[in-house]
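# Breakdown of the fold
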Amino acid sequence: MAYPREFRYTKEHEWISAKGDTATIGITDYAQHELGDVVFVELPAAGAKITAGKTFGSVESVKAVSEIYAPVGGEVTEANAELHNKPETINSDPHGAGWLIKVKVASPAEVNSLMDATAYEAYIAEKQKEASA
Amino acid sequence: MDSGTSPLNSVPRKTPLNAVHRRLGAKMVNFGGWDMPVEYPSSGGLVAEHKSVRSAVGLFDVSHMGDIRVRSGQHPGGALAAVQHITMNDASMLAVGQAHYSAMLYPEGTFVDDVIVHRLGEDDFLLVINAGTREKDINWVRANTKPFDCRVEELGDVYTQLAIQGPKARDVLRKLTDANLDALKNYWFTHGTVCGLTNTLIARTGYTGEDGFEIYVPSDIAISERVWNEVLEAGKELGIVPCGLGARNTLRLEAKMALYEHEISDKINVWEAGLDRYCKMEKSEFIGRAALENARTAGRSRMLVGLEMIDRGIARDGYRCLNEAGEAIGVVTSGSPSPTLCKNIALAYVPPALAALGTVVAIEIRSQKCRAQVVPTPFYKRPKKAIAQ
C-alpha cells in the first residue's frame, strides 16, 4: 500500500494528516499488518489532551495490545466512533476510514519535524530487512 | 504503535520448515527460544486460520516440541517403572499404541512440564514435551530416572512434527497414508507409510480441541518440506491452510488446554490447575505425590476458572483480578478474544470462594475495572460426532 505523500509519520507507526492546526491521526498500513486482525480500539473522548510521544489509546488484535503514541500535542476534537463496532476498518483502510482521532494541534510546526512518506518508507524497509535476516 | 515485545539476546532456533514459513510470508516470533510462525497473512491471518481448524482443517509445524524416549535396559519393566516415577498419570494403564496426557512434577507437586506419554512398546515410551522447557525436561528426566534400569534418549531434533487438525483432518491424511485412520481412536497412535515414508508415527492427538493427527517424520529439510507441501496439496480441496502459533493459542484456550508458564508452572500445583483426573494418587509412588497428599488435606487457596468478559475489554495474560475493594485477589493466566464464540474469554486463578459459576469478578485493564463472569469450561467443545464422512 502506498503511503500518502501529504501525511507525516512516527517511528511508532502512527500517521498524521494536518491542515493548519487541525489534524487527523491513525496507524499506518505497516502497523495494522504487524498487528493482524484488529478486534478492539480504545480512544480518548473529545476534549481530552494528548502529549507528543505519550500514549493516548490502544489498539488490540487477537494476540496483542498495542499502545498508540501521539505524534504531536493537542486536544482531541473527535474520536472515530465507527471503530467501536467495526474495529477491522483499521485493517481494511488504515489511512482512510480507519482513522483514530481528530485533534486541534497545539503547535502546528511540530508536525513538520516528523518523517515524511519517503523517510518512513525507508524506515520500514529497514525494519523488514531486519525481520527477514 | 509499539507491540511491546522484547527481543531475546540468543539466536532463536529454527525448525526444518523455517524456510517454508518465510517463503509463505509468515509473521515470525520468538517462542520459547524458537523462531516460529505466529500467523500467515496468506492464510487470511489468525482468525481465518482458527476458523479453518474449527470448520475444516489446518496444518501446523510443531517441530519445536521436544521428544524423550525412555526404554528398558537389561530387564523388562525398567522403562515403565521410570515413567511411573517421573509422571503423575498411570502409565501402566497404557496399552501399546496408546497415549495419555500427564505431567512431570517437582517434589512440591508443582509442574516441571506437562507431557503426552506414548507407549511405543511394553518397554518403550515416548514423552512429547514443550519447546521452551526442552533442556530443563531432558535434564530432569535423566537425573530422576538414574535409579531405574532404563535408557533415555532425546529425539527432539530427529523429528519434524506436523499437526493436521480439524474435522476434515482425517480426510486429508487418508489420501497420504495406508494406515487405517478410522480404527485409530482419540489418543491412540499407529505406524504407517505417510507420503512414501515407511514406519511413520501417526497419533490421533492435538492441541486444538478438534479431531486431528500429529505425524512425526524425519527432520531432514528436503523430506520435511516435501511432506508439508504434500499435506497442503492433499488438503487443498478440503480447505486446508497453514496455521501459526497464534491460532494454536486461541484454539487451545477455547478448549481449556493448559500452557506452561500460564495455567501451569513450577509455582502451581495439580489441584489448583484442576488437572486432578490426570493425576493417579492410587498408583505407585511418584515425584510430587507426598506434597499433593498434604495439599489435598490443606485445601486449595486458588482455583483455575474460565471467565467471560461482561464489560468491554479484553483480559490479557498477567492482568489482575480485583475484589470490590480493589484489592488483587487473582491473576489472568491466558486471555483473548475467542474467534469461535465472538466473546472475550480468559482463564484465571481466583480464590475458591469466587470460583462458583456466575460469580462476577473485576479484571484490571489499564487501570480500569472491567467485569467478568465465571463460566463453564471448556469454552468450546467439539460436536460429538462428525457429520460428514
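Within any chain, residue numbers begin from 1 and follow the written order of that chain's sequence. Chains carry letters from A onward and ligands carry numbers from 1 onward, assigned in written order. Where totals are concerned, whole chains, interfaces and linings use all residues; where local detail is concerned, this predicted model gives features only for residues with pLDDT of at least 70, and gives and counts side-chain atom pairs only at 80 or more.

## Structural notes on the interface of chain B and chain A
Each partner contributes residues to the interface: chain B has 16 residues there, and chain A has 19 residues. Runs of H or I in DSSP of at least four residues are treated as helices and runs of E of at least two as strands, each being numbered from the N terminus. Every element with two or more residues in the side of chain B that touches chain A is listed here: strand 2 (34-39), helix 2 (46-55), helix 7 (245-254) and strand 16 (328-338) of chain B. Contact between two residues is assigned whenever their backbone-derived C-beta positions fall within 7 Å.

## Concerning the nonpolar core
Residues and elements named next belong to chain B. Here, a nonpolar core denotes buried Ala, Val, Leu, Ile, Met, Phe, Trp, Tyr and Cys residues that are linked to one another through C-beta atoms within 7 Å. Around each residue's C-beta, the other C-beta atoms within 10 Å are counted; 20 or more make the residue buried, 12 or fewer make it exposed, and counts in between make it partly exposed. All C-beta atoms are placed from the backbone. Counting 138 residues, the largest nonpolar core has Leu162, Ile164 and Ala315 as the members making the most contacts within it. Take this core: its biggest share by element is six residues, from strand 17 (residues 343-350). When neighbours within four sequence positions are excluded, alanine 315 is seen to be in contact with Leu307, Met309, Val332, Gly335, Asn344, Ala346, Ile363, Ile365 and Ala372.

## Notes on the confidence of the model for chain B
Per-residue confidence for chain B gives a mean pLDDT of 95, with 96% of residues at or over 70. ipTM for the predicted complex: 0.88, alongside a pTM of 0.94. One number per residue, pLDDT, summarises how confident the predictor is, and it ranges from 0 to 100.

## What to know about the sheet that holds strand 4 (residues 38-42) of chain A
All names here are of chain A. Between any two strands, at least two bridges found by DSSP are needed for them to pair. Reading across from one edge, 4-6-7 is the order of the three strands in this open sheet, with antiparallel pairing throughout. Both edges of this open sheet fall to strand 4 and strand 7 (65-69), since each of them pairs with a single strand only. Neighbour-to-neighbour, the strand axes of this sheet turn through a mean angle of 25°, independent of strand direction. For helices, the axis comes from a line fit to the C-alpha atoms of the stretch in contact; other axes are also lines fit to C-alpha atoms, and the angle between any two N-to-C directions lies between 0 and 180 degrees.

## Examining the pairing of strand 1 (residues 27-31) of chain B
Sheet topology note: the strand 1 of chain B/strand 2 of chain B ladder contains five bridges and is antiparallel. Residue pairing for strand 2 of chain B: Asn30(B) is matched across the bridge by Asp35(B).

## Quick notes on unusual backbone geometry
Residue and element names in this part refer to chain B. Look at the link from threonine 377 to proline 378: it is a cis peptide, with omega at -5°. Mapped onto the elements, proline 378 comes out in the segment after strand 19 (368-375). For cysteine 195, which is not glycine, the phi torsion reads 50° and is therefore positive. Residue position: cysteine 195 is located in the loop between strand 10 (189-194) and strand 11 (197-203). For cysteine 342, which is not a glycine, the phi torsion comes out positive at approximately 55°. Within the secondary structure, cysteine 342 sits in the loop between strand 16 and strand 17.

## As for the environment of Gly306(B)
Residues and elements named next belong to chain B. In this structure, glycine 306 sits in strand 14 (residues 303-309). Spatially, the C-alpha atoms of glycine 306 and phenylalanine 379 are 7.5 Å apart, while their sequence positions differ by 73 residues. Residues in contact with glycine 306, not counting those within four places in the same chain, are Lys256, Ile345, Leu347, Val374, Val375, Pro376, Thr377 and Phe379.

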